[in-house]
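Single-letter residue listing:
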Amino acid sequence: MVTVSDTQVTWLTQDAYDRLKHELDEMIENRPVIAAKINDSREEGDLKENGGYHAAREEQGQQEARIRHLQELLRAAKVGEAPKNDGLAEPGKILTVRYEGDDQDEKFLLATREEGAEGKLDVYSPDSPLGRALLGAKEGETREYSLPNGSIQKVTLVKAVPYTT
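Residues numbered from 1 in each chain as written. Predicted model: local features only at pLDDT ≥ 70, side-chain atom pairs only at ≥ 80, totals over all residues. Heavy atoms only, no water.

**Quick look at the overall build of the chain**
Defined as follows: Strands here mean DSSP runs of E at least two residues long; helices mean DSSP runs of H or I at least four residues long; both are numbered from the N terminus. Exposure categories follow from relative accessible area, calculated using a 1.4 Å probe and restricted to protein chains: below 20% of the type maximum is buried, above 50% is exposed, and the middle band is partly exposed. Throughout, a contact is declared for two residues whenever any of their heavy atoms are within 4.5 Å. Methods summary: accessible areas were calculated by the Shrake-Rupley approach with a probe of 1.4 Å, and residue burial reflects only the protein chains presented.
Along its length, the chain carries five helices and nine strands. The secondary structure elements of the chain, listed N-terminal to C-terminal, are β-β-β-α-α-α-β-β-β-α-β-α-β-β. Relative to its 165 residues, the chain shows a buried fraction of 35%. Restricting to contacts in the chain with at least 6 residues of sequence separation, those with at least 24 account for 53%. Accessible area for the chain stands at about 10000 Å²; split by element, carbon and sulfur atoms hold 47% of it.

This is how it looks when you write it as structure tokens:
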């Protein structure tokens, strides 16, 4: 993961960037609607027992948090720059792995949830224990990481190829 002044850079396809930008624009346009809901609910009377008012405020808080998240994500995103097909595990690649003791491979996208939201592949974050363990691994290399129960899991990178939509 590339870092720029402690801000993570996320690789996004142009389609994913456009989809997230559209969502952000719609949410910003929707701000007055939620503000009107809050105002209408406020006029209904006692705020302590006004469920509509509290629901509208909660919705506003969630929407503002999502707006901030999208703004930061899009501000720091690298768009359309597919990683090299060099066999290294890095964000924006489809990784094929084999866990120790298992004879079947697993395939997933190493990226943010937003990047893989439209795809059929499972998405693992580079910040997940598995993602962190595999970052920078070469094809054929075995790495290990801790499972939630405290045991150690070994995983071998079978293949790493750039993600394309």
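**Details of the pairing of strand 5 (residues 93–99)**
Quick note on the threshold: Here, strands pair whenever DSSP counts at least two bridges between them.
Counting buried positions along strand 5 yields six of seven residues, so the element is predominantly enclosed. Relative to strand 6 (residues 105–110), strand 5 runs antiparallel, the two sharing six bridges. Bridge pairing in strand 6 places leucine 95 opposite phenylalanine 108. Counted along the chain from strand 5 to the antiparallel partner strand 6, the turn is five residues long, and its residue glycine 101 has a positive phi close to 85°.

**What about the environment of valine 161?**
With respect to the secondary-structure elements, valine 161 resides in strand 9 (residues 152–162). The sequence separation of valine 161 and lysine 84 amounts to 77 residues, and the corresponding C-alpha distance is 8.2 Å. Setting aside residues up to four positions removed in sequence, valine 161 forms contacts with Asn85, Lys93 and Ile94.

**So, the packing of aromatic side chains**
What counts here: Ring pairs shown here join Phe, Tyr and Trp side chains whose ring centres sit within 6.5 Å, with only the six-membered ring taken for Trp; geometry is labelled stacked below 30 degrees between planes, edge-to-face above 60, and tilted in between.
For the structure shown, the criterion picks out one aromatic pair. A ring pair is formed by phenylalanine 108 and tyrosine 124, whose centres lie 4.4 Å apart and whose planes are at 65°; its orientation type is edge-to-face. One end of the pair, phenylalanine 108, is in strand 6; the other, tyrosine 124, is in strand 7 (residues 122–124), and 16 residues separate them in sequence. Given the relative accessible area of 0%, phenylalanine 108 is considered buried.

**Structural notes on the sheet that holds strand 5**
Applicable threshold: Angles shown run from 0 to 180 degrees and are taken between the N-to-C directions of axes, each axis being a line fitted to C-alpha atoms and, for helices, limited to the stretch in contact.
Spatially, 7-6-5-9-8 is the arrangement adopted by the five strands of the open sheet, whose pairing is mixed. Because the sheet does not close on itself, it has two edges, and the strands there are strand 7 and strand 8 (142–146). Direction aside, neighbouring strands of the sheet carry axes that sit 45° apart on average.

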